[in-house]
Amino acid sequence: MRFLTTDTKSNPTLGILSLCARSLNYRSFLQLRHSFSADGLHFKARTPGNGRGFDQRAPEAKPLYKDPKAPIEARVNDLIKRMSLEEKVSQLIQGDMNGWMDFSDPLDNTLSHNQTGLEEMMRLKGGSIWGGYSTPYEKFVYGVEVAQRYLVENTTLGIPAIFQSEGLHGFTNNGTIFPSPIAMGASFDTGLLKQVGGIVANESEGLGITQLFAPCSRSRTEQRFGRVEEGYGEDPHLTGEMGLAYVQGIQEGKRRNVTASTATARVAATCKHFSNFGSPQGGLNLAQVSGGEREQRTTYLKPFHRACMESLAIMTSYNSYDGIPVVNSKHLLTDILRDEWGYKFWVTSDAGAVDLPRSFHYTCDTRECCAKRALENGLSGEMGGDQVKAGTVNVKFIDETVKALLRVKFTLGLFENPYPYADYASMIRTTESKTVLHQIDTDSIVLLKNDNNLLPLSKSISSVALLGPHADRVTFGDYTFLGQDKNGITPLAGFKQFLADASSSTKINYAKGCELWSNDQSGFDEAVQAAQNSEVAIVMVGTWSQDQSNLWAGVNATTGEHVDVADLALVGAQLALVKAVQATGTPTVVVFVAGKPVAEPWIKDHANAVIAQFYGGEHQGPALADIVFGKVSPSGVLPISIPRSVGTLPAFYNYLKGSRPIDPGFVGDDGHLVFGHQASNTIQTHTSCALFSFGEGLSYTTFEYSGLQIEPATISPGAGFTVSVTVRNSGSMDSKEVVQVYLVDNVSSVVTPNQYLAGFTKVLIPAGQSQTVSVPINGTELAVWTLNDEFVVEPGTFTVKVGNSVTALLNGTLTVS
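Residues numbered from 1 in each chain as written. Predicted model: local features only at pLDDT ≥ 70, side-chain atom pairs only at ≥ 80, totals over all residues. Heavy atoms only, no water.

## Regarding the pattern of salt bridges
Inspection of every chain in the model, using the stated rule, returns 31 salt bridges. Note that Asp 78 is salt-bridged to Lys 81, the shortest N-O span being 4.0 Å. Judged by its relative accessible area of 64%, Lys 81 falls in the exposed class. A salt bridge links Asp 335 to Lys 330, with the nearest nitrogen and oxygen atoms 2.8 Å apart. Look at Asp 335 and you get partly exposed, because its relative accessible area is 29%. On the basis of relative accessible area, Lys 330 is assigned to the partly exposed category, the value being 41%. Through salt bridges with shared partners, one network takes in Arg 218, Arg 227, Glu 230 and Glu 561. (Salt bridge = Lys/Arg side-chain N within 4 Å of Asp/Glu carboxyl O. Buried < 20%, exposed > 50% of the residue type's maximum accessible area, 1.4 Å probe, protein only.)

Below, the structure written as structure tokens:
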């Protein structure tokens with residue numbers, strides 16, 4: 001570890017720190033460093049030279065860019081003019097901590113580094129550094145500290161780096177793992193999701209991570225796509241609101257020891273994948289997305305515009321849209337994002353995406369072409385600079401791109417304090433984080449069917465069979481690290497703990513029954529026997545993903561990045577297991593543990609109760625127990641529609657008017673066909689209407705809606721309005737309710753959706769009580785992308801639908817004049 005601490009006679013503190021640094025006794029060094037005042041953490045003022053020594057010129061007065069009281073734009077402009085071309089290019093290309101740290105053994109805690117590798121990495125790729133490694137916290141903090149110290153103290157301009165990791169549903173460097181985004185979308189609770197984002201930022205901030213790759217703000221999901229689990233659902237409005245909440249949770253606050261009033265964030269969120277990534281053709285990762293400008297504006301771009309204008313970073317997608325690789329799309333990345341929307345922060349490509357026009361899309365024949373187009377058309381990072389030296393790229397594009405990254409660094413206050421915190425351990429898995437974890441795990445569970453109020457189960461029930469391959473397994477979504485499942489609690493463990501805490505004598509009869517991935521039915525007899533010996537049988541089946549190590553090693557999975565499927569039915573022997581248990585006559589509850597919809601109409605028709613538990617967090621087991629035994633009433637609703645089969649895709653609820661069959665047929669249990677006939681004489685054997693639609697979700701209580709008011713009932717174009725309704729909990733159990741507001745544009749110049757979500761809120765209403773719920777609706781929700789290629793709120797009437805699903809309980813009319 002190299003610290004330029006030479007004036008030890010005049011400052012004994014620096015001598016001690018220098019000695020500790022030279023000996024590489026980092027534990028002692030940290031203890032000493034943090035025992036001194038803030039002034040004692042920095043070295044004597046000198047003018048650095050070329051990064052490997054000191055410049056002997058007289059020190060310059062403090063430059064403007066180092067003045068925390070100066071405006072950010074003034075600091076950016078002052079710094080950019082001081083940077084050499086090499087220093088600018090270094091800011092653009094993502095570096096990696098493995099250039100100076102050895103993370104090959106996730107358990108090794110040796111506090112040492114390769115100084116030559118550190119200096120070379122910072123010379124070539126010193127702007128942003130990938131730090132997503134499974135390694136002891138102490139070693140990770142050491143690696144960040146030595147790098148930031150080198151950059152700040154040993155380089156000419158002292159520009160700190162941004163350290164990056166994943167954060168879709170938790171800080172992957174062994175932080176708290178929350179439910180997958182698709183599950184958190186089911187909560188329909190923006191306030192709760194904002195708390196989750198704040199906790200994820202807390203856990204990463206203390207370790208020196210200052211950028212997280214999250215949230216995924218894509219909508220209109222192709223359900224065969226392996227990455228369904230990474231988004232908040234199929235609806236643009238829901239995705240935009242949930243994404244904004246997560247961005248705000250991650251960024252709000254200020255890093256410690258930062259005084260600049262312009263430093264308004266502590267960790268940078270990264271909205272991804274901009275912009276049309278969620279509906280690849282055939283559901284295949286990286287495949288083209290087809291559509292026109294109207295669909296792009298009203299479906300794909302809408303959630304990004306809502307969620308990401310506050311985000312300090314945006315990541316582009318791999319795919320092409322309308323024949324143009326997104327990473328090269330001037331229309332998307334410059335005309336819309338930069339010029340029309342005024343986005344001024346950092347835009348980066350996804351890993352390796354800059355080269356795809358050459359190796360995948362075949363719109364470039366050289367890497368120089370790829371880099372030139374990405375830089376000039378998108379002002380995005382992670383590309384080389386040789387073509388600048390050759391004169392093929394105007395340096396103004398380099399400057400504008402670097403400025404975007406510098407704005408982020410100033411907004412984060414990194415020039416004042418880029419270092420990890422001494423008490424980082426106290427910020428991870430706190431009491432608060434566990435409370436929020438349990439709430440989001442519970443509130444994300446969706447009850448889809450409950451015949452004869454089978455659920456909740458009584459705590460005095462004599463026995464329950466807990467069956468299936470998911471019953472004694474912690475199942476996280478992708479973007480977690482190897483071994484993080486050890487922090488989770490299985491359903492079996494959660495049920496046992498719940499019953500023990502309730503002093504219940506209920507017996508749990510557990511049997512796995514089958515593997516997730518196998519057709520082997522040799523375990524059926526044990527499962528059937530357990531069901532026969534129990535009052536109720538709970539069968540847990542579904543999909544599964546893998547941690548990042550196993551996923552990219554090719555270990556089997558049915559969801560996750562690059563794991564796309566041709567069928568949405570259960571794989572292996574899982575459906576047969578459900579049928580065998582149901583045939584015993586024991587009332588049967590089926591729990592779908594999944595990262596995407598599972599299309600099994602037989603289960604809907606024959607199971608007594610159905611629960612959807614999209615991949616949960618560390619408390620997935622206790623949360624499910626709370627729901628099953630009625631400690632908490634279920635309040636999750638579907639963020640994505642569940643089709644009858646893959647053949648009936650697409651199944652999204654907000655289809656354009658006239659886009660669904662009017663006379664479908666069906667296939668009977670015994671296989672007989674009943675044919676339906678559309679007006680076009682197309683023979684149908686399945687309805688395209690969803691098995692369970694977006695917005696559906698049952699409760700253990702009942703809610704009554706009355707007194708719909710629309711204020712004002714007549715508005716001018718562009719004005720907003722408020723929808724109010726009285727909701728009464730007419731049941732016997734306190735419960736949360738998701739109040740949903742849908743709009744129908746009755747007559748418009750272009751075809752519009754049959755209905756679309758325009759607002760929602762989640763409220764807790766005690767049993768027997770009523771609450772007036774008001775949902776403000778932004779006037780932009782009424783706009784259509786017209787034939788003149790612009791958003792316009794057209795005069796006319798809108799039907800306002802209010803309820804707890806897409807099936808409205810109350811209707812009203814709004815007039816725009």
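Read on for the rest.
## Quick look at the sheet that holds strand β22 (residues 721-729)
Read from one edge to the other, the open sheet built from 3 strands follows the order β20-β22-β25, with strand pairing classed as antiparallel. Looking along the sheet, the strands with just one partner apiece sit at the ends: β20 (703-711) and β25 (770-777). With strand direction ignored, the average angle separating the axes of adjacent strands in the sheet is 20°. Relative to β25, β22 is paired through 8 bridges, and the arrangement is antiparallel. Within β25, the residue paired with Thr 722 across the bridge is Pro 776. (Pairing = 2+ DSSP bridges. Helix = DSSP H or I, 4+ residues; strand = E, 2+ residues; numbered from the N terminus. Axes fitted to C-alpha atoms, helices over the stretch in contact; angles between N-to-C directions.)

## A look at the pairing of strand β14 (residues 588-594)
Most of β14 sits out of view: 7 of its 7 residues are buried. Side-chain alternation along β14 places Thr 588, Val 590, Phe 592 and Ala 594 on one buried face and Val 589, Val 591 and Val 593 on a second face that is also buried. In terms of strand pairing, strand β13 (residues 536-542) meets β14 through 6 bridges, oriented parallel. By the bridge assignment for β14, Met 540 is matched with Val 591.

## Observations regarding helix α9 (residues 236-251)
Helical geometry: 3.6 residues make up each α-helical turn, so side chains three or four residues apart lie on a common side. Across its 16 residues, α9 extends 22 Å between first and last C-alpha, which sits within 8% of the 22 Å expected from 1.5 Å per residue. Most of α9 sits inside the fold, with 16 of its 16 residues counted as buried. Directly beyond the C-terminal end of α9, a positive phi value near 120° is found at Gly 253. (Expected span 1.5 Å × (residues − 1).)

## Some details on the sheet that holds strand β11 (residues 463-467)
With respect to topology, 6 strands assemble into an open sheet ordered β10-β15-β14-β13-β11-β12, the strand pairing being mixed. Only two strands of the sheet have a single partner each, and these edge strands are β10 (446-450) and β12 (507-511). With direction set aside, neighbouring strand axes in the sheet form an average angle of 20°. Across 4 bridges, β11 lies against β13 in parallel orientation. Of the residues in β13, the one forming a bridge with Leu 466 is Ile 538. Helix α20 (residues 574-582) rests against β11, β13 and β14 of the sheet, and its axis sits at about 170° to β13. (Contact = heavy atoms within 4.5 Å.)

## Observations concerning the pairing of strand β28 (residues 796-803)
Where strand β23 (residues 735-745) meets β28, 6 bridges bridge the pair, whose relative direction is antiparallel. Bridging across to β28, Val 741 finds its partner in Val 802. As paired strands, β28 and strand β29 (residues 810-816) are joined by 7 bridges and run antiparallel to one another. Within β29, the residue paired with Phe 798 across the bridge is Leu 814. The loop that links β28 with its antiparallel partner β29 comprises 6 residues.

## Digging into the packing of aromatic side chains
The tally for this structure, following the rule as stated, stands at 20 aromatic pairs. For the ring pair Phe 410 and Phe 415, a centre distance of 4.4 Å and an interplane angle of 20° mean the geometry is stacked. No difference in accessibility class separates Phe 410 from Phe 415, as the two residues are buried. Cluster of aromatic residues (ring-pair linked, three or more members): Phe 188, Tyr 653, Phe 694, Tyr 742 and Phe 760. Taking NZ or CZ as reference, Arg 149 lies 3.9 Å from the ring centre of Tyr 419, over its face. Positioned above the aromatic ring of Phe 692, the side-chain terminus of Lys 604 is 4.9 Å from the ring centre. (Phe/Tyr/Trp six-rings, centres within 6.5 Å; stacked < 30°, edge-to-face > 60°. Lys NZ or Arg CZ within 6 Å of the ring centre and 35° of its normal.)

## Structural notes on the side chain of Gln 574
Here Gln 574 lies in helix α20. Not counting residues within four places of it along the chain, the set of residues in contact with Gln 574 comprises Pro 469, Cys 514, Glu 515, Leu 516, Val 541 and Gly 542.

## Here we look at unusual backbone geometry
The peptide bond linking Leu 649 to Pro 650 adopts the cis configuration, its omega dihedral lying at 0°. Relative to the helices and strands, Pro 650 is located in the loop between α22 (620-628) and β16 (666-667). In this structure, Pro 712 follows Glu 711 across a cis peptide bond, with omega equal to -10°. Looking at the secondary structure, you find Pro 712 in the loop between β20 and β21 (714-715). With phi around 70°, His 562 is a residue other than glycine that occupies positive phi space. Residue placement: His 562 occurs in the loop between α19 (548-552) and α20.

## Section: the environment of Arg 255
If you trace the backbone, Arg 255 turns up in the loop between α9 and β5 (268-274). Between the C-alpha atom of Arg 255 and that of Ala 265, which follows or precedes it by 10 residues, the distance is 7.3 Å. When near neighbours in sequence (up to four residues on either side) are disregarded, Arg 255 contacts Glu 205, Thr 210, Ala 265, Arg 266, Leu 412, Leu 414, Asn 417, Pro 418, Tyr 419 and Tyr 421. Of note is the side chain of Arg 255, whose polar atom sits 2.9 Å from the backbone oxygen of Asn 417. Polar contacts involving the side chain of Arg 255 include one to the main-chain carbonyl oxygen of Tyr 419, which spans 2.8 Å. (Polar contact = N/O pair within 3.5 Å; in protein donor to acceptor, adjacent residues only side chain to side chain.)

## Section: the state of the cysteines
This structure, assessed with the given rule, holds 2 disulfides. Paired by a disulfide, Cys 271 and Cys 308 hold their sulfur atoms 2.2 Å apart. Measuring the twist about the S-S bond at about -95°, one finds the Cys 271-Cys 308 disulfide to be left-handed. In this pair, Cys 271 sits in strand β5 while Cys 308 sits in the loop between α10 (293-307) and β6 (313-316), placing the two residues 37 residues apart along the sequence. Disulfide partners in the protein, listed by the sequence order of the bonded cysteines, are 1-2, 3-4. Here Cys 216 stays unpaired: no disulfide links it, and the sulfur of Cys 271, its closest cysteine neighbor, is 9.2 Å away. (Disulfide = S-S within 2.5 Å.)

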